[in-house]
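For reference, the chains in residue letters:
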Amino acid sequence: MADDVIELRGATKRFRSTSGGIHTAVHDLTMTVAANEFVAVVGPTGCGKSTTLSLVSGLEPPSEGEVLVAGSPVRGIPDGVGYMFQNDAVLPWRSVLDNVAAGPRYRGESRAAARAKARTWVERVGLAGFEGYYPHQLSGGMRKRVALAQTLVNEPSILLMDEPFSALDVQTRALMQDELLRLWSGTGAAVVFVTHDLEEAIALADRVIVMTASPATIKGSFPVPLSRPRDVEELRLSTEFLEIYREIWESLREEVEKARKGNASRAA
Amino acid sequence: MPSVWNSGLSGELSPATAKAALGKPDRQALTSAATAHRRRRIRVWAIRVALVVAWLGSWEAAATYWIDPFYYSKPSAVWSKLVDWFTVGTSQGSIWEQISVTMQEAVGGFVLGAVAGVVLGILLGRSRLLSDICAPFIKAANAIPRIVLASLFVIWFGLEMSSKIATAFVLVFFAVFFNAFQGAREVDRNLVNNARILGASQAQVLWTIVVPSATSWILASLHSAFGFALIGAVVGEFTGADKGLGLLINHAQGTFDAAGIYAGMIVITVIALLAEWLLTALEGRLLKWRPPAAGAEAQI
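What counts and what doesn't
- Residues numbered from 1 in each chain as written.
- Chains lettered and ligands numbered in written order.
- Predicted model: local features only at pLDDT ≥ 70, side-chain atom pairs only at ≥ 80, totals over all residues.
- Helix = DSSP H or I, 4+ residues; strand = E, 2+ residues; numbered from the N terminus.
- Rg over C-alpha atoms; globule rule 2.2 N^0.38 Å.
- Contact = placed C-beta atoms within 7 Å.
- Pairing = 2+ DSSP bridges.
- Axes fitted to C-alpha atoms, helices over the stretch in contact; angles between N-to-C directions.
- UniProt positions renumbered as here; feature names shortened; annotations may be inferred.
- Nonpolar A, V, L, I, M, F, W, Y, C, P; charged D, E, K, R; others polar.
- Expected span 1.5 Å × (residues − 1).
- Buried ≥ 20, exposed ≤ 12 C-beta atoms within 10 Å, placed from the backbone.
- Core = buried A, V, L, I, M, F, W, Y, C linked by C-beta atoms within 7 Å.

Moving on, we get to the overall build of chain A. Regarding its fold elements, chain A presents 8 helices and 10 strands. The C-alpha atoms of chain A give 19 Å as radius of gyration, which agrees with the globular expectation for 268 residues (18 Å, within 12%). Expressed along its principal axes, the backbone C-alpha trace of chain A runs to roughly 55 × 45 × 45 Å. The long-range share in chain A, meaning contacts at least 24 apart out of those at least 6 apart in sequence, stands at 71%.

What follows concerns the sheet that holds strand 3 (residues 38–42) of chain A. All names here are of chain A. What the 6 strands build is an open sheet, ordered 6-7-8-3-9-10; its pairing is mixed. A single partner strand is all that each edge strand has here, and the edge strands are strand 6 (81–84) and strand 10 (218–223). Neighbouring strand axes in the sheet, compared pairwise and without regard to direction, differ in orientation by 15° on average. In the sheet, strand 3 pairs with strand 8 (residues 190–195) via 5 bridges, with the strands oriented parallel. Bridging across to strand 8, Phe38 finds its partner in Val191.

This part takes up the UniProt feature "domain: ABC transporter" (unreviewed entry) in chain A. Following the UniProt record, one finds the feature "domain: ABC transporter" (unreviewed entry) at residues 6–238 of chain A. Each end of residues 6–238 of chain A is marked by a C-alpha atom, and these two atoms are 32 Å apart; helix forms 31% of the span and strand 27%.

This part takes up the interface of chain B and chain A. Between chain B and chain A, the residue contacts involve 22 residues of the former and 31 residues of the latter. Put simply, the parts of the chain that give the side of chain B that touches chain A at least two residues each are helix 8 (189–198) and helix 9 (202–239) of chain B. The element that contributes the greatest number of residues to the side of chain B that touches chain A is helix 8 of chain B, accounting for 8 residues. Looking at side-chain class alone, the side of chain B that touches chain A contains 13 nonpolar, 8 polar and 1 charged residues.

A word on helix 7 (residues 161–185) of chain B. In this model helix 7 of chain B runs 35 Å from its N-terminal to its C-terminal C-alpha over 25 residues, within 8% of the 36 Å that 1.5 Å per residue would give. By the criterion of burial, helix 7 of chain B is predominantly enclosed, with 20 of the 25 residues buried.

A few words on the UniProt feature "domain: ABC transmembrane type-1" (unreviewed entry) in chain B. Per the UniProt record, "domain: ABC transmembrane type-1" (unreviewed entry) is found at residues 99–279 of chain B. Regarding residues 99–279 of chain B, the helix share stands at 87% and the strand share at 0%, and the terminal C-alpha atoms are separated by 19 Å.

Residues and elements named next belong to chain A. In space, the 4 strands of this open sheet follow the order 2-1-4-5, with antiparallel pairing throughout. Either end of the sheet is taken by a strand with one partner, and the two such strands are strand 2 (22–34) and strand 5 (72–73). Across 2 bridges, the pairing between strand 4 (residues 64–69) and strand 5 is antiparallel. Bridging from a neighbouring strand, Leu68 pairs with Pro73 of strand 5. On top of the sheet, helix 1 (residues 49–57) reaches strand 1 (4–16), strand 2 and strand 4; it is set at about 120° to strand 1, its chief contact.

All names here are of chain A. Within the element layout of this structure, Glu250 appears in helix 8 (residues 239–267). Residue classification places Glu250 among the exposed positions, given that 11 C-beta atoms sit within 10 Å. Linking Glu250 and Pro44, residues 206 residues apart in sequence, is a C-alpha distance of 13 Å.

This part is about the pairing of strand 7 (residues 158–162) of chain A. All names here are of chain A. With respect to burial, strand 7 is a largely interior element, 5 of its 5 residues being buried. Burial along strand 7 is two-sided: the residues Ile158, Leu160 and Asp162 and Leu159 and Met161 are all buried. The sheet contact formed by strand 6 and strand 7 spans 4 bridges and is parallel. Residue pairing in the sheet places Tyr83 in a bridge with Leu160 of strand 7. The sheet contact formed by strand 7 and strand 8 spans 5 bridges and is parallel.

Time to look at the nonpolar core. Counting 135 residues, the largest nonpolar core has Val192(A), Val172(B), Val176(B) and Ala229(B) as its most contacted members. Apart from the residues within four sequence positions on either side, Val172(B) is in contact with Gly109(B), Phe110(B), Gly113(B), Ala114(B), Gly117(B), Ala225(B), Phe228(B) and Ala229(B).

Residues and elements named next belong to chain B. Mapped onto the present numbering, the UniProt feature "transmembrane region" (unreviewed entry) falls at residues 45–67, 106–125, 137–159, 165–184, 205–238 and 258–279. Secondary structure over residues 106–125 splits into 100% helix and 0% strand, and the C-alpha atoms at its two ends are 27 Å apart. Secondary structure across residues 258–279 comprises 100% helix and 0% strand; the distance between its end C-alpha atoms is 32 Å.

Moving on, we get to unusual backbone geometry. Residue and element names in this part refer to chain A. A cis geometry characterises the amide bond from Arg228 onward to Pro229, with omega recorded as -5°. Inspection of the secondary structure assignment puts Pro229 in the loop between strand 10 and helix 7 (232–235). A positive phi angle is found at Asp28, which is not glycine, with a value near 50°. Here Asp28 falls in the partly exposed class, since 16 other C-beta atoms lie within 10 Å of it.

Written out as structure tokens, the structure reads:
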């Protein structure tokens, strides 16, 4: 398709494991993500979902196969990529405003211009009034908002998210999911959202990709034909949601069990 | 922390609401907490003063009636020595000149050593290859009893200030270097990756991520490093000099003047404490982003 902004062709990533052997994180990944598409990637914990994102972001080159962003092979970090990490990556020594201004500053904008941009994004993520606070003075949810603003201020055309809300409590998480959908709608950005929470995946995405237990590869791709705009908390109770959930869970359960068995035998 | 999440989305959040008017009982609790705090401080200071008085008093009494003050001196003799130094002058000239010389040596060695330590520490901390190459040399250099180098420096640089600055430098350098190295090594990979994605170049990663991350490590080492700089300067003067506090102490040793040694020690201690206070103030300014240490919040 012409508007596929992300394309993986038989991408494989191997690492040297700590015990000296070779660990295959992801194996023969082939998938595409179109512009304005929200794709959620689910799989058992520790299966290599994050590795997929680091391949697309250019932080790690693939061991085999090809990764294309906007039609050209990834060498280094491609333009227009935003990446929200699982752990907080906000700078503890910078105020909220200067954290958000970091991206434009790195890209050569003047301090004043970067701060002006940052100010509008701080407001957009609902942190107006907290510009001068340091991260340690904020709650976990507020730090996530800072990270979100920090990523979005660069106006990425590809947004990679690695279990960004997994450390939050349930209510804050639902709120952040709504916020994410609100901020994303209309931007035309392609989103790849990695999570181990199937509910979260269905609530947010247009398509859910299920990955197998380690070494990860793609098991199936399920469309989520739920209308937008969505209210994630209401959505969870609808019958359509439950039907989709059941269908995808059938596929995912097997992998989760496999991963559990693998872990158990390793632990034994 | 104000609970803002249940107040809805954008625009409605205001940190000002956090300080919503304190009720009367709250204010009373605050005043009584302040009084308790003040009382506790007074008690701590009273006990400190009592300890010093008991220590000096017993020393004075023992030296007067029991032990030989020729070897052990006594507080009143040390005090009159200090008064003598500051009013009349020392055997080597004005006390202020001695202090100024020692301070110049210590500060010179400290600044040069700290700068070299930070630069090389961060460089090696960020470059695997360089650190692999240099590791055995640095370990060996660190294992040398560096204080002995003072003798070598006297031969190289003479009795002037430069030989003392060199001694202070080697002592400070290693203290700062290892911390800067460790600090640069332990930078959160997440922060580096995040900065790279946000568009940072290698140099920007170094300036905006690595250096600030290593700062708390480096500042911690600067406290002990200034002490080392003073030791370096004084030991250097001990080894051979024509001015300085170390020379003064060395001279006191040569004339069996125990009170002079104590007086020199006290002057150096006061300088070290002043420097420590300055460094703590600097640290407070540079690290104001850090959360307060656990337990700093007073209990009411």
